[in-house]
Amino acid sequence: MRAHEAGALHGDIGSRGPAWLRPPVDVNALVPQLWPRNVTRDGDGVLAVAGLGVRDIAAEFGTPVYVLDEDDLRSRCRDFRTGFDGVDVYYAGKAFLCRAVVRMISDEGLHLDVCTGGELATALSAGMPPERIGFHGNNKSVAELTRALDAGVGRIILDSFDEIDRLTALARERGVRPRVMIRVTVGVEAHTHEFIATAHEDQKFGFSLAGGAAADAAFQVLDEGVLELRGLHSHIGSQIFDASGFEVSARRVLGLQSQIRDARGVELPELDLGGGFGIAYTTQDDPATPQDLAKRLRRIVESECAAERLAVPHLSIEPGRAIVGPAMFTLYEVGTVKDVDGIRTYVSVDGGMSDNIRTALYDASYSATLASRASTAEPLLARVVGKHCESGDIVVKDEFLPADVQPGDLVAVPGTGAYCRSMASNYNHVPRPPVVAVRGGQARLIVRRETEEDLLALDVG
């Protein structure tokens, strides 16, 4: 690999793709774990979701467009609700939130986790029962906390001593006793297949366990008696496939719970283990089912509670990506196909880093498929790139597409439900794409496409 001043994505001249990526036997075949459950190909090889072909979706709504398989999302909600029976499942709204999705997860019996005033406003405007809302965030403003109190949100996750003071003052003024949890930074950094137990806890979230801040925060809340401390909260990372990190986290959090009991005679009744459960973006990913995750986490908590002589607390979790991520794909139209001196073929589409920043930001990997037709051509290792004025504007770093891919073709990228629309931007003044939900062969617009008029309306100069 040749080094490049702009980063590794630009330095792999002559790359043959990652070692795990192999040429497909059939370039038209779909890998089931990568796609929403109701995605198939019709007799002409056109990708279809819940019976509706992507050509029809593109004709009605344009491209790029995020396509949500509504029944798939609902079924994943039910998988978590039934797999984690007796556990409160909070959908992590930061993954993707709009009023239609709020109503879907509410219909399916889930709770909702928000972390800004805008997310809270969306939840409330969609009719989410406030008692089923949890409010996160490391820098909640007075206005945001006031709104949460006035709405009667079910719990507020405390993230700093400043916030404890802020919320305590607001609660006193209003004569209310909101339910709260302490977010504990346990010194576990979880990754896809490994965890690193660090001696420090260098991050902006939560109260340090090792430094004693988490215990001090709990004691302050209990001693002041204004806020109702329900329990402790821990979140160790994202895109996690291995339960080992949760085991270390649970041991440390429950050790703090035991310390609180011994010091104040109080056994906190709740424990939140956070989210971060992984999904399949490519064939190298092998996520666990919600049922399997539930068994592992319950076993871990029960074992650690027995060791600390604690009653097993009421559990909650916060999946976001694992629910919405696999339920959505992004549909693009190809505009340019460029072979660069036999080094690489670039397939340029009409979106890019403004609708999916994760490849550029996190070096994330994605898959793709030719969506508008079948092909008999040989597989071609290509790079799917966007239309923005950036060399790092890459949607899919390496993927085998048919060698006859051409302008006007539709290309679909799966696994884009989480953090793609949520982190979308107007870079290069490109309007953000719409979100379309498909169910029973019918499509409905749930987030409309931005227009140039929308962009200009904000420009008051």
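Structure: see above.
**Notes on the overall build of the chain**
For the chain, the helix and strand inventory stands at 12 helices and 23 strands. Its C-alpha radius of gyration of 24 Å places the chain within 12% of the 23 Å reference for a compact globule of 461 residues. Dimensions along the principal axes, computed over C-alpha positions, put the chain at roughly 70 × 45 × 45 Å. For the chain, buried positions account for 55% of its 461 residues. In the chain, of all internal contacts separated by at least 6 residues, the share reaching a separation of at least 24 is 71%. Here the chain displays about 19,400 Å² of accessible surface, and carbon together with sulfur accounts for 48% of that area. Charged side chains of the chain number 48 positive and 65 negative; the gap between the two group centres comes to 3 Å.

**Things to note about the sheet that holds strand 1 (residues 39–41)**
With antiparallel pairing, the three strands of this open sheet are ordered in space as 1-2-3. Pairing within the sheet leaves two strands with one partner each, and these edge strands are strand 1 and strand 3 (52–53).

**Some points on helix 4 (residues 117–125)**
Helical geometry note: an α-helix holds 3.6 residues per turn, so side chains three or four residues apart project in the same direction. Of the residues making up helix 4, those classed as buried are Gly-117, Glu-119, Leu-120 and Ala-123. The buried residues of helix 4 occupy one face: seen down the axis, they fall within an arc of 160 degrees. Residues of helix 4 that are buried sit in contact with helix 3 (99–107), strand 6 (111–114), strand 7 (133–135) and helix 5 (142–151). Just past helix 4, the residue Gly-127 takes up positive phi, approximately 90 degrees.

**Some details on the packing of aromatic side chains**
Using the criterion set out here, one finds seven aromatic pairs in the structure. Ring centres of Tyr-281 and Tyr-366 lie 5.2 Å apart, and the angle between their planes is 70 degrees; this geometry places the pair in the edge-to-face category. A residue pair is termed long-range when its members are at least 10 positions apart, and Tyr-281 in the loop between strand 14 (270–272) and helix 9 (290–308) and Tyr-366 in the loop between helix 11 (358–362) and strand 18 (369–370) qualify at 85 residues. The exposure classification of Tyr-281 matches that of Tyr-366, with both residues buried.

**Focus: unusual backbone geometry**
Looking along the chain, the bond that leaves Thr-63 and enters Pro-64 is cis, with omega of -10 degrees. Within the secondary structure layout, Pro-64 lies in the loop between helix 1 (54–61) and strand 4 (65–69). We note that Gln-239 has phi near 55 degrees; this positive angle belongs to a residue other than glycine. The residue Gln-239 is located in the loop between strand 13 (228–233) and helix 8 (244–264) in this model.

**Things to note about empty space enclosed by the protein**
In the structure shown here, the tally under the stated rule is three cavities of 30 Å³ or more. There is about 40 Å³ of room inside the largest cavity. Residue composition of the lining of the largest cavity, by class: six nonpolar, one polar and no charged.

**Focus on the pairing of strand 16 (residues 328–340)**
The pairing of strand 4 with strand 16 spans four bridges and is classified as antiparallel. What sits directly across from Val-67, in strand 16, is Phe-329. Alignment of strand 16 against strand 21 (residues 410–414), held across five bridges, turns out to be antiparallel. In the strand pairing of strand 21, Leu-331 is matched with Ala-412. With six bridges connecting them, strand 16 and strand 17 (residues 344–349) associate as antiparallel partners. Following the sheet pairing, Val-337 is matched in strand 17 by Val-347.

**Digging into the nonpolar core**
Counting 107 residues, the largest nonpolar core has Tyr-91, Ile-156 and Leu-158 as its most contacted members. Apart from residues no more than four positions distant in its own chain, Tyr-91 is found in contact with Phe-96, Leu-97, Val-101, Ile-105, Leu-110, His-111, Leu-112, Asp-113, Pro-319, Gly-320, Ile-323 and Val-324. Among the nonpolar cores identified, the runner-up in size contains 21 residues, and Ile-57, Ala-280, Leu-331 and Ala-412 belong to it.

**Section: the environment of Ile-182**
Structurally, Ile-182 can be placed in strand 9 (residues 179–185). Its relative accessible area of 0% is what places Ile-182 among the buried residues. Separated by 35 residues in sequence, Ile-182 and Ala-217 have C-alpha atoms that sit 7.3 Å apart. With near-sequence residues (within four places) excluded, Ile-182 lies in contact with Leu-158, Phe-207, Ala-214, Ala-217, Ala-218, Val-221, Leu-229, Gly-231, Leu-232 and His-233.

Cut-offs applied
Residues numbered from 1 in each chain as written. Predicted model: local features only at pLDDT ≥ 70, side-chain atom pairs only at ≥ 80, totals over all residues. Heavy atoms only, no water. Helix = DSSP H or I, 4+ residues; strand = E, 2+ residues; numbered from the N terminus. Rg over C-alpha atoms; globule rule 2.2 N^0.38 Å. Buried < 20%, exposed > 50% of the residue type's maximum accessible area, 1.4 Å probe, protein only. Contact = heavy atoms within 4.5 Å. Areas by Shrake-Rupley, 256 points an atom, 1.4 Å probe, with all protein chains shown as cover. Lys, Arg positive; Asp, Glu negative; His and termini not counted. Charge placed at Lys NZ, Arg CZ, Asp CG, Glu CD. Pairing = 2+ DSSP bridges. Arc of directions from axis to C-beta. Phe/Tyr/Trp six-rings, centres within 6.5 Å; stacked < 30°, edge-to-face > 60°. 1 Å grid on protein atoms, 1.4 Å probe; cavity = no way out; pocket = protein on both sides within 12 Å on 5 of 7 lines; lining within 4 Å. Points joined across faces, edges and corners; volume = space filled by probe spheres on them. Nonpolar A, V, L, I, M, F, W, Y, C, P; charged D, E, K, R; others polar. Core = buried A, V, L, I, M, F, W, Y, C linked by side-chain atoms within 4.5 Å.

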